[in-house]
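An overview of the molecular structure
Each chain, written out:
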Amino acid sequence: MNRREKENIIVSFWGVLLVLGASLLFAAVLIFLLSSEPLPAVKYFFTGPFLSRYFFGNMLDAAVPLIFTGLGISLAFKASLFNLGGEGQIYMGALVTTVVCLALPEFNGLAGGLTALAAGSLAAGLLAALSGYLKVKWNVDSMISSFLLSSAVVYGVNFFITGYFKDPSSSLLSTPFIDSRYFLPHLMNPSTLSTSIFFALGGAVIIYFLLYRTRWGYEMTMCGLNPEFARYGGVNVSSYVTMPFFLSGLMHGLGGGFAVLGTYHMSIKGFTSGMGWGGIAVALIAKNNPLGVIPAALFFAYLNAGSKAAMLHTDVTFEVAAVVEAFVFFFITSEVIFSFIRRKRRSLL
Amino acid sequence: MAYLTMENITRFYRDNHVLANSNVDFELRRNEIHALVGENGAGKTTLMKILYGLEQPDEGRIFLNGSEVFIRSPLDANRYGIGMVHQHFRLIPDFTAAENIIFGMEPKRRLFFLNRREAEEMVRSISDQFGFDVDPSAVVKNMTVGEKQQVEIMRMLYRNDETLILDEPTSVLTGRQIESLFYTLKKLTRAGKSIILITHKLNEVLSIADRVSVMRQGKVKGTYRRGEVDKKELSQLIFGRDVQFFAGRGVSSGHKFAGKKIFELKNVSIRSGDIKPLLDSICLSVSPGEIVGVTGAAGNGLRELEDVVSGLRDLSGGQVFYHGEDITNFSVHKFREKGFAYVPADRMKRGSSLQASLKQNLIIINHDGFSRFGILNRRRINSFVSKKLRQFSIDGNPDLPLHLLSGGNIQKTVLARELSIETDFIIFSEPTWGLDSAAGEYVYKKIRTHRDKGKGVLLFSSNLDEILGLADTVFVLFHGRIAGRLDNDGSLTKELVGTYMLGLEIDE
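Since we're looking at a predicted model, the values are computed, not measured.

Right, let's get into the overall build of chain A. Along its length, chain A carries 13 helices and zero strands. For 349 residues, the compact-globule estimate of 2.2 N^0.38 gives 20 Å, and the C-alpha radius of gyration of chain A, at 21 Å, lies within 12% of that figure. For chain A, the C-alpha atoms occupy an extent of roughly 60 × 55 × 30 Å along the three principal directions. Residues counted as buried form 52% of the 349 residues belonging to chain A. Split by element, the accessible area of chain A, about 15800 Å² in all, is 71% carbon and sulfur.

So, in structure tokens, the structure goes:
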């Protein structure tokens, strides 16, 4: 028995490595086919992120929002809930954080920053919690409601960024810069990496603790694995629908908030786009383990930075880079989703 | 004469060491209705699953019209004209009657396109021929149970099945629906079909079957023509007159349980939709030091009552009391807070979480006690878990998923958990399902220990030996009602309980 289980773990570990390796290989093949100078393109794709402090720091910084969204998705997944609204939630969190910073000119940096983060994550959390509430109240499919709500919210946020809060003096479709007192200290100049990465790492540890060491996390996990058993054991199953969604949204909101305070210092139209979907891929690679989310987010950020480097130095276009990323995403999700379905099916028998 | 013969069929379940069929011979004639009767676990369903290709016999052969056939799947069965209606219907709720009937064998137009009109036409012609009363274009989820059953039967007719197996077809039907079902069955035999009817209900057997085969303990004890046996003889055949009953064994006989009641049900009823009430005015109580046994044949309300007393299902009427406090329709959470221990019949799905670790399974009801400010105390949990593993000799790694354990170890895990709470009221449902006899003895000992400590035990069991061996008071459910409340004072026999189970004592 023990040996069988150990083998299972080893097989799934190699499975993930295999998928990651195959994704990278596929990316290389694709670049070879589509670029007129394939060798340098592949070289920049793989080594680009390590060539300078600038690229390396930017790569680490890009992992920060992915860690937050990855944690948010993992949390919901543990309760067997699929939060497809990450895009809207992180965008909402970013906008609210920006607006609160702009509205509080007299606060000092720390209090103001914390208030802004709290407001941003709360707004995103409530947005996500709505999907959980609708599921409990009317049995609305939360996967669909979270996706649709988020799609609508993205347009709403666009409206505020390009309309009501737009900085008229800027040529960007963006809000004005927030006050520099709110900026998080930078770590690796000239890159955008800031202390937000420590918050992301801390967040992962806190979520890990919450899931594996608290009563709350235990009950939520049990509801996710077998709701009938959880109910039989006396767990109030319906309370573990809205709450995980709220926390999932909260993490997305923090991701958006830290992107503002640490990296962008304003909200730009569409600037968080892709971070929500990236979070799903990250959670899938990490198999919903909050500590696994950290390397998974780094891998994703590496991929992203690699394609950017290849784009900058060679004739690889934005589209090629996007296609490469899409294929990697496809590989990863198919592997993980298949094993997810297999597990579900086995538990039904 | 014999049209279908099963010869020397033997089926042994290795997982729980049950010999479900032991050298069974069974013979079906053309145009007959052949009833297959017997207690729960007598081997009826196993035999029919073998005939329908859902299970393979370890030994034995099947002959159709004199030549041997090999039925390895329901598809094979269908090829040989054998169809089955399961006790729980297998229809697609969102499809129409016609779509359900043709499903899997659709009339095709130009190879790919479903010919809906032709399908409905074919269904209508079956309907007219045999006098069914179902609109082919009606959606199944809006139908009554009687209509759904007709759809299931029409499905077999559409497939030109010659041998029709019906598993407990009347368990969900009301009186009038049963009459119309029997009328249909008669009509079908006149049209050349042969029917096997699995049932618990002797009145039905006597009113419709041409022949009846009685199964007991995995063997066919005899086949009789209509009129050869009466109700009393049949019930003796089913439960066996030769059995030494161990009534009174370990039972505090003669003890009266007056006064204080730990747990009480008053006029508990469950109604849902058009079918007859699942539970009807159930009254029972459990006193300190008393084992109350509840039994009944499958489909008579045992499982529903289990759900009610454990708080998993809300009542349509009546009240539930615990030490005089009204706890009607409390959530399971509240039930658990009161300290109820409950070993459910469904230990794999309800009683355990197979994907969760052994440790997580053991602490579901008392993890509150292991946490402070919401943080789980791992040291205390680990010492609790290793203590339980030792106490119940469970063989498994506490951190690995439960599904990796053997069936027996999973059973013991459920027991270990439920017996770990300090309480004066325990519910056991089918406590020895899936256990070998040594483990079963162990469970019996545990149940008696609880009784002797002055606790109240509510025991649900379809195993009469178990009921008679343990219970002080026996309640028998029939059609969702209490058919009899019997004191197990030493004179109670399995046969007598059996007559109540079969509804002989209250019918007409």
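Now for the confidence of the model for chain B. Per-residue confidence for chain B gives a mean pLDDT of 84; residues scoring 70 or more make up 91%. Segment residues 242–254 of chain B: pLDDT under 50, and 31 contacts once partners within four positions in sequence are set aside and those in other chains are kept.

What follows covers the domain arrangement of chain B. Each domain of chain B was delimited in the assignment, giving domain 1 (2–239), domain 2 (245–252 + 259–340 + 424–508) and domain 3 (350–422). The gap between the C-alpha centroids of domain 1 of chain B and domain 2 of chain B is 32 Å.

Let us now look at the interface of chain A and chain B. In this assembly, 26 residues from chain A lie in contact with 36 residues from chain B. Carbon and sulfur atoms supply 58% of the area that chain A and chain B bury against each other, a total of about 2900 Å² over both sides. The interface formed by chain A and chain B holds two salt bridges in total. For Glu228 of chain A, the salt bridge identified is with Arg350 of chain B, shortest N-O distance 2.9 Å.

Looking now at the sheet that holds strand 15 (residues 291–296) of chain B. Residues and elements named next belong to chain B. Spatial ordering of the open sheet is given by 18-21-22-15-23-24, a layout of six strands whose pairing is mixed. Only two strands of the sheet have a single partner each, and these edge strands are strand 18 (341–343) and strand 24 (481–487). Going from strand to strand, the sheet's axes swing by 15° on average, the running direction of each strand aside. One ladder, built from four bridges, connects strand 15 with strand 22 (residues 456–460); its direction is parallel. Counted as the bridge partner of Gly293 is Leu459 from strand 22. Against the sheet, helix 13 (residues 407–418) makes contact with strand 18 and strand 21 (425–429), and its axis sits at roughly 165° relative to strand 18, the strand it touches most. Of the strands in this sheet, strand 15, strand 23 (473–478) and strand 24 are in contact with helix 16 (residues 494–501), which crosses strand 23 at around 30°.

The next subject is the sheet that holds strand 12 (residues 219–225) of chain B. Residues and elements named next belong to chain B. Here six strands make up an open sheet; going across it, the order is 6-9-10-3-11-12 and the pairing mixed. The open sheet has two edge strands with one neighbour each: strand 6 (82–85) and strand 12. Direction aside, the axes of adjacent strands within the sheet are offset by 20° on average. Judged from the five bridges that link them, strand 3 (residues 33–37) and strand 10 (residues 194–199) form a sheet pairing that is parallel. Note on strand 10: the bridge partner recorded for Leu36 is Ile198. Here helix 5 (residues 145–158) sits on the sheet in contact with strand 6 and strand 9 (163–167), set at roughly 170° to strand 6. Against the sheet, helix 8 (residues 231–239) makes contact with strand 3, strand 11 (211–216) and strand 12, and its axis sits at roughly 35° relative to strand 11, the strand it touches most.

Before going further, it helps to examine the pattern of salt bridges. This model, assessed by the stated rule, comprises 30 salt bridges over all chains. A salt bridge links Glu219 of chain A to Arg215 of chain A, with the nearest nitrogen and oxygen atoms 3.7 Å apart. Within this pair, Glu219 of chain A and its partner Arg215 of chain A are both found in helix 8 (residues 215–225), separated by four residues, close to a single helical turn. The closest approach of N and O atoms between Arg350 of chain B and Asp307 of chain B, which form a salt bridge, is 2.9 Å. Of the two residues, Arg350 of chain B is situated in the loop between strand 18 and helix 11 (358–362) and Asp307 of chain B in helix 9 (residues 302–309); the sequence distance between them amounts to 43 residues. Given a relative accessible area of 11%, Arg350 of chain B falls into the buried group. Residues joined by salt bridges that share partners form a network here, namely Glu228 of chain A together with Arg303, Glu306, Asp307, Lys349, Arg350 and Glu430 of chain B.

The subject of this paragraph is the packing of helix 5 (residues 109–138) of chain A against helix 6 (residues 142–164) of chain A. Residues and elements named next belong to chain A. Running from N to C, helix 5 and helix 6 cross one another at 145°; their axes reach a closest spacing of 9 Å. Of the two elements, helix 5 crosses helix 6, and the hand of that crossing is right-handed. Residues Leu127, Leu130, Ser131, Leu134 and Lys135 of helix 5 touch helix 6, and the partners they reach there are Ser142, Ser145, Ser146, Leu149 and Val153. Here the residues of the contact of helix 5 with helix 6 are counted per class, giving five nonpolar, four polar and one charged.

Our focus in this paragraph is unusual backbone geometry. Leaving glycine out, the prevailing phi sign among residues is negative, and the prevailing peptide bond configuration is trans. A cis amide bond links Asn189 of chain A with the next residue in sequence, Pro190 of chain A, at an omega value of 5°. Mapped onto the fold, Pro190 of chain A is located in the loop between helix 6 and helix 7 (196–213). Backbone geometry at Lys287 of chain A places phi at a positive 50°, although glycine is not the residue there. Within the secondary structure, Lys287 of chain A sits in the loop between helix 11 (275–285) and helix 12 (293–313). Despite not being glycine, His323 of chain B shows a phi value in the positive range, around 50°. Among the secondary structure elements, His323 of chain B is positioned in the loop between strand 16 (317–322) and strand 17 (325–326).

Turning our attention to the nonpolar core. All names here are of chain B. In this structure, Phe263 and Leu458 are the most contacted members of the largest nonpolar core, which totals 180 residues. If we skip the residues at most four places from it in the chain, Phe263 touches Leu284, Ser285, Val286, Val309, Val320, Phe321, Tyr322, Ile327, Phe340, Phe425 and Leu458. Listed in part, the 33 residues of the second largest apolar core include Ala97, Leu164, Ile178 and Leu197.

What follows covers helix 1 (residues 44–51) of chain B. All names here are of chain B. Burial analysis of helix 1 places six of its eight residues in the buried class, which makes it a mostly covered element. Taken residue by residue, helix 1 has Lys44, Thr46, Leu47, Met48, Ile50 and Leu51 as its buried positions. Looking one or two residues past helix 1, Gly53 carries a phi angle of roughly 80°, positive in sign.

Residue and element names in this part refer to chain B. Counting buried residues in strand 14 (residues 279–286) gives six out of eight residues, a clear majority hidden from the surface. Here five bridges tie strand 13 (residues 263–270) to strand 14, and the two strands are oriented antiparallel to one another. Its bridge partner lying in strand 14, Phe263 is registered against Val286.

Let's shift gears to the packing of aromatic side chains. For the structure shown, the criterion picks out 26 aromatic pairs over all chains. A centroid spacing of 5.0 Å and a plane angle of 90° characterise the contact between Tyr164 of chain A and Phe165 of chain A, whose relative ring orientation is edge-to-face. Residue classification places Tyr164 of chain A among the exposed residues on the basis of a relative accessible area of 65%. Among the aromatic side chains, those forming a connected cluster through ring pairs are Phe263, Tyr322, Phe335, Phe340 and Phe425 of chain B. Sitting over the face of the ring of Tyr182 of chain A, Arg181 of chain A holds its NZ or CZ atom 5.6 Å from the ring centroid. If you follow Arg336 of chain B out to its NZ or CZ, it ends over the ring of Tyr232 of chain A, 4.7 Å from the centre.

To continue, consider a nonpolar patch on the surface. On the surface, Met143, Ile144, Phe147, Leu148 and Trp277 of chain A cluster together to form a nonpolar patch covering roughly 460 Å² of accessible area. As for its placement among the helices and strands, Trp277 of chain A is situated in helix 11.

Thresholds, definitions, all that
- Residues numbered from 1 in each chain as written.
- Chains lettered and ligands numbered in written order.
- Predicted model: local features only at pLDDT ≥ 70, side-chain atom pairs only at ≥ 80, totals over all residues.
- Heavy atoms only, no water.
- Helix = DSSP H or I, 4+ residues; strand = E, 2+ residues; numbered from the N terminus.
- Rg over C-alpha atoms; globule rule 2.2 N^0.38 Å.
- Buried < 20%, exposed > 50% of the residue type's maximum accessible area, 1.4 Å probe, protein only.
- Areas by Shrake-Rupley, 256 points an atom, 1.4 Å probe, with all protein chains shown as cover.
- pLDDT = per-residue confidence, 0-100.
- Contact = heavy atoms within 4.5 Å.
- Domains from an automatic or database assignment.
- Buried area = accessible area lost by both parts, 1.4 Å probe.
- Salt bridge = Lys/Arg side-chain N within 4 Å of Asp/Glu carboxyl O.
- Pairing = 2+ DSSP bridges.
- Axes fitted to C-alpha atoms, helices over the stretch in contact; angles between N-to-C directions.
- Left-handed = near helix turned anticlockwise from the far one by under 90°.
- Nonpolar A, V, L, I, M, F, W, Y, C, P; charged D, E, K, R; others polar.
- Core = buried A, V, L, I, M, F, W, Y, C linked by side-chain atoms within 4.5 Å.
- Phe/Tyr/Trp six-rings, centres within 6.5 Å; stacked < 30°, edge-to-face > 60°.
- Lys NZ or Arg CZ within 6 Å of the ring centre and 35° of its normal.
- Patch = residues over 30% accessible without salt bridge, like charges linked within 9 Å, V, L, I, M, F, W, Y side chains within 5 Å.

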